[in-house]
Every structure is written in structure tokens, then in C-alpha cells.
Amino acid sequence: MEDYRVEIKRAVIYDFGDAPEAQEIGYPTTLARNGARHTVDVEPSTPLLYVLRNDLDLSGPRFGCGLGQCGACTVLINGEAVRSCIRPVSQVQNVAITTLEGLSADGTHPLQVAWQEIDVPQCGYCQAGQIMSAVALIERNANPTHADIDNAMNGNICRCATYLRIRAAIHRAASGSD
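Peer 1: Please explain the layout of surface pockets as it appears in this structure.
Peer 2: Space left empty within the atom packing is revealed by a probe, the size of a water molecule, rolled over the atoms. Here the largest pocket defines a volume of roughly 160 Å³. In terms of lining, the largest pocket is formed by Glu80, Ala81, Arg83, Ser133, Ala136, Arg140, Asn151, Ala152, Asn154 and Asn156. Taken together, the elements giving at least two residues each to the lining of the largest pocket come down to strand S4 (80-83), helix H3 (127-140) and helix H4 (146-153). In terms of residue class, the lining of the largest pocket is built from three nonpolar, four polar and three charged.

Peer 1: Help me understand H4 in this model?
Peer 2: Taken together, the buried positions of H4 are occupied by Ile149, Ala152 and Met153. Buried positions in H4, seen along its axis, are confined to an arc of 90° and lie on one side of it. With respect to the buried face of H4, the exposed residues turned more than 90 degrees away are Ala147 and Asn151. Among the structural elements, H3 and helix H5 (163-175) are those in contact with the buried residues of H4.

Peer 1: Help me out: how do you make sense of the sheet that holds strand S2 (residues 36-42) in this one?
Peer 2: Think of a sheet as strands paired side by side through backbone hydrogen bonds, with each pair either parallel or antiparallel. The five strands lie next to each other as S2-S1-S5-S3-S4, forming an open sheet whose pairing is mixed. Every other strand in the sheet has two partners, leaving S2 and S4 as the edge strands with one partner each. Strand-to-strand twist in this sheet, taken as the mean axis angle between neighbours without regard to direction, amounts to 45°. One ladder, built from four bridges, connects strand S3 (residues 74-77) with S4; its direction is antiparallel. Across the sheet, the residue bridging to Leu76 is Ala81, located in S4. On the sheet, helix H1 (residues 48-55) packs against strand S1 (27-33), S2, S3 and strand S5 (96-98) and is oriented at approximately 105° with respect to S2. H3 rests against S3, S4 and S5 of the sheet, and its axis sits at about 30° to S3.

Peer 1: So what exactly am I meant to see when it comes to a nonpolar patch on the surface here?
Peer 2: Taken together, the side chains of Tyr50, Phe63 and Tyr125 make up a nonpolar region of the molecular surface, amounting to roughly 290 Å² of accessible area. With respect to the helices and strands, the residue Phe63 is situated in the loop between H1 and S3. Its relative accessible area of 39% is what places Phe63 among the partly exposed residues.

Reading the values: rules and limits
Residues numbered from 1 in each chain as written. Predicted model: local features only at pLDDT ≥ 70, side-chain atom pairs only at ≥ 80, totals over all residues. Heavy atoms only, no water. 1 Å grid on protein atoms, 1.4 Å probe; cavity = no way out; pocket = protein on both sides within 12 Å on 5 of 7 lines; lining within 4 Å. Points joined across faces, edges and corners; volume = space filled by probe spheres on them. Helix = DSSP H or I, 4+ residues; strand = E, 2+ residues; numbered from the N terminus. Nonpolar A, V, L, I, M, F, W, Y, C, P; charged D, E, K, R; others polar. Buried < 20%, exposed > 50% of the residue type's maximum accessible area, 1.4 Å probe, protein only. Arc of directions from axis to C-beta. Contact = heavy atoms within 4.5 Å. Pairing = 2+ DSSP bridges. Axes fitted to C-alpha atoms, helices over the stretch in contact; angles between N-to-C directions. Patch = residues over 30% accessible without salt bridge, like charges linked within 9 Å, V, L, I, M, F, W, Y side chains within 5 Å. Areas by Shrake-Rupley, 256 points an atom, 1.4 Å probe, with all protein chains shown as cover. Salt bridge = Lys/Arg side-chain N within 4 Å of Asp/Glu carboxyl O.

In C-alpha cells form, the structure reads like this:
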């Protein structure tokens, strides 16, 4: 049997002296969020969700899966429901971004009111994403059917399974009643 041990005779350690520490390099990026313009210094590949939460201090969009499959991070980009966890900030410069905080300052958007009246949330984690997807639906279809709602909300996961109450709240907001 052969011996595969290797003897290390000498170790060399390189000392770079007073080399500067690596610094994160950001690029100025301008976002139009909830009607206001914000400039942040971030890498172009940074997910929009991270910028909204970490740089702009918003709590509406949430991190759920990081794969764009659960919908907790949903925001509106030019009125379209988009998963912000997989959208690089480089793709959303100078476009209209709306988060839950931008619907109304006092929670009086019709969907927010319907959500409260129907008592939709249990844990509430997914609700911002659910509401943003519902806003996009109602803006393009003022009188959605059950099938329209189910199709538009597909991909917004609610671990508490409040789907029937979500549907009822969307109908209420769209029609102004149950």
C-alpha cells in the first residue's frame, strides 16, 4: 500500500501591509416610490425588495421565499403586480413603484378597508403582497369574477389559508358591498 501523506516543508504567508480594506461599491440608482423620488447607492443586481426594506425603511413588502413564488414581496411597478425579491433594482429605475404604504396614508384605500371589515388576516405576514396583487386586479378589472380573482391571486401564498376571506374582500372593494 502506498503512503499518500505529503510533508509540508515550508509555509509562506504573504503580508500586504497597509492594504485598504475592501469596500462595497454602490451605484446611484433613482427610484420613484409611492410618488417620491429616492436615490440610493446599491449594486445594480440588488433585489428591489432589499432596497425597499433596507435602504428606504419600508415594512410592507416582506421576504418570504426569495424565489418569487410566495408573493409576500409583491409591489406594483407601473400598476402591474411584481415580485420584488427577484426584480433587480437596475430594471426599475425611474418607473412608478407602489408599495402598501403608498396606497393611502391612513389605511383608507378600498381594499385596505375591505380587508379590515372582512377580518382577512390571521398572522398577517402575506397580507401586503395579497393586497398589492388585488389592487392590480381591480385597477384592470373593476368587476372581477371568482375565476378572475383566483387567477390574479395565484402565486400569493397564505399559510393561514384565508383565501375565501381574501376573495370576499376583493369582491367587497370592487363593488362597495358584500
